[in-house]
Amino acid sequence: MRPKITRHVSRRTVVAAALVLGGFGAGSLTSIGDSAIASKKYHSSEGLGDVVFLSHVNTETMPIFPGDPVPVIEDTFTVENDGFKLQTVTIGDHSGTHWGAPCHFNEGEACAQDMNPEDFVHPAVVVDIRAQSAADPDYALTVEDLKKFERRNGRIPRDAVVIAWTGWQEKWNDAAAYFNQDADEVMHYPGISAEATSWLIDTRRLGGLGIDTHGVDPGADVTYLTNTLLLQDHRIHIENMTGLEQLPPIGAWVVVGGVRNEGGSGSPATVLGLIPD
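Small disclaimer: the values here were computed from a predicted structure and weren't measured. (Residues numbered from 1 in each chain as written. Predicted model: local features only at pLDDT ≥ 70, side-chain atom pairs only at ≥ 80, totals over all residues. Heavy atoms only, no water.)

Draft legend 1. Molecular detail of the overall build of the protein. Looking only at helices and strands, the protein has seven helices and 16 strands in total. Looking at the protein as a whole, 48% of its 277 residues qualify as buried. Per element, the accessible surface of the protein, about 13,100 Å² overall, is 52% carbon and sulfur. (Helix = DSSP H or I, 4+ residues; strand = E, 2+ residues; numbered from the N terminus. Buried < 20%, exposed > 50% of the residue type's maximum accessible area, 1.4 Å probe, protein only. Areas by Shrake-Rupley, 256 points an atom, 1.4 Å probe, with all protein chains shown as cover.)

Below, the structure is given as structure tokens:
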């Protein structure tokens, strides 16, 4: 087990995040000490403000990684016929917006049931590489990109989820454009380089990586080296993110929801961004 991480966030903030994730919706209000959460906005002495979605809604027609099971979402019971509504959902644990556990790529590492609560709450850092990705669909976030980001925005905090904003979120409703396969069925979408991943792990105590494509590895990289390096010591990935334009480059938090199935290597997720006022 990794050493316990002490984060620069109050207990009230983390509890507020948990309440949002727990399903408090419009019109609800729950107070904890001097903090409260209500509808789409919550308030605390830290000045944290909006809560935003960073995840797609799952559908049967959303882009699915080649070879993965096609989602099936069907009504098992309906209010009209049964007095209540219940769906049966069949879906791969890395479909839609999802998080990945270390055992997704590394034998003997933590699976879903082994994860700690703090593994799902992280400072968020958003590195904008849309211009590079538009010019080169095989672009991979570099160490120099990260150093340039820090010169503009300050040091990346420890235990952050570093998110590559590639612009691919805009292609979500067009699976052909999203995967961008060539005549040899090689996919071409941007990702995060292994060198950048190693630098973040070694120098910034990385908590995880996020991206608005179907993988933190560039689509053409079949070695999955970025994932293999990343997914150790309770680090996670968050893939197929959306809504990244809502986040500041630094200063927000990300909260990752989803089921924890025994032996699971991750799961489809509702991902929330907590944005300061």
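Let us keep going from here.
Draft legend 2. The pattern of salt bridges, seen in detail. On inspection of all chains with the given rule, the structure shows five salt bridges. The salt bridge involving K85 is made with D75; its shortest N-O contact spans 2.7 Å. Remark: D75 occurs in strand 5 (residues 72-77) and K85 occurs in the loop between helix 2 (79-82) and strand 6 (86-90); sequence separation between them is ten residues. Among the salt bridges present, the one from E144 reaches R151, with a minimum N-O distance of 2.9 Å. E144 sits in the partly exposed class, given a relative accessible area of 41%. (Salt bridge = Lys/Arg side-chain N within 4 Å of Asp/Glu carboxyl O.)

Draft legend 3. Looking closely at the packing of aromatic side chains. Following the criterion strictly, the structure yields six aromatic pairs and no others. For the ring pair W99 and F120, a centre distance of 5.0 Å and an interplane angle of 90° mean the geometry is edge-to-face. Pair noted here: W99 is in strand 7 (residues 98-100) and F120 is in the loop between strand 7 and strand 8 (121-128), with a separation of 21 residues, a long-range link. Pair check on accessibility: W99 and F120 agree, each one buried. With 5.4 Å between their ring centres and 45° between their planes, F105 and Y224 make a pair best called tilted. Residue F105 is located in the loop between strand 7 and strand 8, and its partner Y224 is located in the loop between strand 12 (208-211) and helix 7 (225-230); the two are separated by 119 residues in the primary sequence. Look at Y224 and you get partly exposed, because its relative accessible area is 29%. Through pairs of rings, three or more aromatic residues link up here, namely F65, W172, Y178 and F179. (Phe/Tyr/Trp six-rings, centres within 6.5 Å; stacked < 30°, edge-to-face > 60°.)

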